[in-house]
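Residues per chain are reported as follows:
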Amino acid sequence: MCFLFMMSMHKHQFIFIYPAHFDSGGKLWANFIQIILSCMLIAQITILGLLGLKKAGKQIPIFIPLLVISILFSMYIRQMHFRVAQYLPTHEALTEEDSLRDKEFDFNFLRGA
């Protein structure tokens, strides 16, 4: 009975009392991606160490390309994405893309190729 009353009270508070401002304009995206990539690499290195302790000779060579691809992807994201995302928030990028979509794009530079 107590939990039923508390559930209705929490629903009322979250729906009617607390304002919901969930949009950060893409400012948290870069932090989340860096954290996810770091955690993924730490987990893969940990699994590789565990496989080494278990003397799993057949599984380690199969696992190493996954680790290499993850490291290369992490380097690519840090070089390409964060350089752009640092100076242009997602909301402004979408606004700029919408304004450019209305204009006709000039493809004359492709004719000489």
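Note that this is a predicted model, so its numbers are computed, not measured.

### Points about the overall build of the chain
The helix and strand inventory of the chain stands at 4 helices and 0 strands. The order of α-helices and β-strands along the chain, N terminus first, is α-α-α-α. Evaluated residue by residue, the chain yields a buried proportion of 12% over its 113 residues. In the chain, 61% of the contacts between residues at least 6 apart in sequence involve partners at least 24 apart.

### Re helix α2 (residues 29-53)
Given a rise of 1.5 Å per residue, 25 residues ought to cover 36 Å, and the 36 Å separating the end C-alpha atoms of α2 matches this to within 8%. Just beyond α2, the residue with positive phi is Lys 55, at close to 55°.

### Section: the confidence of the model for the chain
Model confidence for the chain is summarised by a mean pLDDT of 79, while 72% of its residues fall at 70 or above. Across the chain, the secondary-structure element scoring lowest on mean pLDDT is helix α4 (residues 90-102), at 71, and the one scoring highest is α2, at 90.

### Comments concerning a nonpolar patch on the surface
On the surface, a nonpolar cluster with roughly 430 Å² of combined accessible area is contributed by Ile 64, Val 68, Ile 71, Leu 72 and Met 75. Following the sequence through the fold, Ile 71 ends up in helix α3 (residues 59-85).

### Here we look at the side chain of Ser 74
With respect to the helices, strands and loops of the structure, Ser 74 is situated in helix α3. If we ignore the near neighbours within four places in the chain, the residues touching Ser 74 are Leu 37 and Leu 41.

### Things to note about unusual backbone geometry
Backbone geometry places Lys 55, a non-glycine residue, at a positive phi of 55°. Relative to the elements of secondary structure, Lys 55 occurs in the loop between α2 and α3. On the accessibility criterion, Lys 55 (73% relative accessible area) is exposed.

Basis of the calculations
Residues numbered from 1 in each chain as written. Predicted model: local features only at pLDDT ≥ 70, side-chain atom pairs only at ≥ 80, totals over all residues. Heavy atoms only, no water. Helix = DSSP H or I, 4+ residues; strand = E, 2+ residues; numbered from the N terminus. Buried < 20%, exposed > 50% of the residue type's maximum accessible area, 1.4 Å probe, protein only. Contact = heavy atoms within 4.5 Å. Expected span 1.5 Å × (residues − 1). pLDDT = per-residue confidence, 0-100. Patch = residues over 30% accessible without salt bridge, like charges linked within 9 Å, V, L, I, M, F, W, Y side chains within 5 Å. Areas by Shrake-Rupley, 256 points an atom, 1.4 Å probe, with all protein chains shown as cover. Salt bridge = Lys/Arg side-chain N within 4 Å of Asp/Glu carboxyl O.

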